[in-house]
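Reading the structure
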Amino acid sequence: MTVKAEPPALVLHWQAFAPAIMNSGHSLEISIQGQAGSAAIGNRKYQFVQFHFHHGSEHHINSKQAGAEIHFVHQSDEGDLLVIAVLVETGAANVEVDSLLDHVPAKGQFVKPEIVMSPENLIPGHPAGYRYKGSLTTPGCFEIITWHVVSDTVTFSPEQPQELGSTFPSNVRPVQEIGRRYILATD
């Protein structure tokens, strides 16, 4: 059930950073080296720690699956997580993604290419969307996440999700039943 609400706003304080790129065998994970910023919801602050990609979206909006999904993972001092999910549609190529795809390491390996990333180029300008309490999408699926699914999308060229998919062909958890959760629609 989606409920129109006025929860505290999501505030992002991101900055450019030099990434470490890891091929976990499940996803292309971009770790933050040093301080790359934070996110806040109300007075709760989370440090930006990594982001990764899913080939196909794990979230569906209006029952529609997007071609890919990016998870921006943030962690509070208490250990709980805020994950900002951005769905990806086909359109113009994303230059940030191109720079990452040029440096995909072998499974289980990581690289530190001499590039600088601007994560704000991977998220729509206005992060309004849907917020709910949920779980990790990988085993043990612990319920320690505040999810914020951005309603606007970003674009990748048709080839960019395909390239992610050829490296990580099946890294999407099936959509789960909503159960007793409320999904808050934010402005």
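The structure we're discussing is the one just above.
The paragraphs below set out a description of the structure included in this document. (Residues numbered from 1 in each chain as written. Predicted model: local features only at pLDDT ≥ 70, side-chain atom pairs only at ≥ 80, totals over all residues. Heavy atoms only, no water.)

1. Notes on the pattern of salt bridges
Considering all chains together, one arrives at 3 salt bridges under this definition. For glutamate 78, the salt bridge goes to arginine 44, with nearest N and O atoms at 3.4 Å. In this pair, glutamate 78 sits in the loop between strand E9 (68–75) and strand E10 (81–90) while arginine 44 sits in strand E6 (residues 44–55), placing the two residues 34 residues apart along the sequence. For arginine 44, a relative accessible area of 28% gives the class partly exposed. For aspartate 80, the salt bridge is made with arginine 44, and the minimal N-O distance between the two is 2.6 Å. Linking aspartate 80 in the loop between E9 and E10 with arginine 44 in strand E6, this pair joins segments that are 36 residues apart in sequence. For aspartate 80, a relative accessible area of 19% puts it in the buried group. Each of the salt bridges in this network shares a partner with another, and the network as a whole consists of Arg44, Glu78 and Asp80. (Salt bridge = Lys/Arg side-chain N within 4 Å of Asp/Glu carboxyl O. Helix = DSSP H or I, 4+ residues; strand = E, 2+ residues; numbered from the N terminus. Buried < 20%, exposed > 50% of the residue type's maximum accessible area, 1.4 Å probe, protein only.)

2. Section: unusual backbone geometry
The phi dihedral of asparagine 62 is positive, around 55°, even though this residue is not glycine. Owing to a relative accessible area of 73%, asparagine 62 belongs among the exposed residues under this scheme. In this structure, serine 63 takes a positive phi of about 65° despite not being glycine. Looking at serine 63, the relative accessible area reads 73%, which means it is exposed.

3. Description of the pairing of strand E3 (residues 19–23)
Most of E3 sits out of view: 4 of its 5 residues are buried. Here 5 bridges tie E3 to strand E4 (residues 28–32), and the two strands are oriented antiparallel to one another. Looking across to E4, one finds that alanine 20 is bridged to serine 31. Taken together, E3 and the strand that follows it, E4, pair antiparallel across an intervening segment of 4 residues, in which glycine 25 is found at a positive phi of about 90°. As paired strands, E3 and strand E11 (residues 110–111) are joined by 2 bridges and run antiparallel to one another. (Pairing = 2+ DSSP bridges.)

4. Focus on the packing of aromatic side chains
Across all of its chains, the model carries 10 aromatic pairs by this definition. When the centroid spacing of 4.8 Å and the interplanar angle of 15° are considered together, the rings of tryptophan 14 and phenylalanine 48 count as stacked. Placement of tryptophan 14 in strand E2 (residues 10–14) and of phenylalanine 48 in strand E6 is noted, with a sequence separation of 34 residues between them. Tryptophan 14 sits in the buried class, given a relative accessible area of 13%. Relative to phenylalanine 51, the ring of phenylalanine 48 has its centre 6.4 Å away and its plane inclined at 25°; by these criteria the two rings are stacked. The class for phenylalanine 51 is buried, based on a relative accessible area of 0%. Clustering of aromatic rings is evident, with ring pairs tying together Trp14, Phe17, Phe48, Phe51, Phe53, Phe72 and Phe156. (Phe/Tyr/Trp six-rings, centres within 6.5 Å; stacked < 30°, edge-to-face > 60°.)

5. Some words on the environment of isoleucine 41
Looking at the element boundaries, isoleucine 41 is found in strand E5 (residues 37–41). Using a relative accessible area of 12% as the deciding quantity, one classes isoleucine 41 as buried. Measuring from C-alpha to C-alpha, the distance between isoleucine 41 and proline 7 comes to 8.5 Å, with 34 residues separating the pair along the chain. Residue contacts for isoleucine 41: discarding those within four places in its chain leaves Pro8, Ala9, Leu10, Leu82, Arg131 and Thr146. (Contact = heavy atoms within 4.5 Å.)

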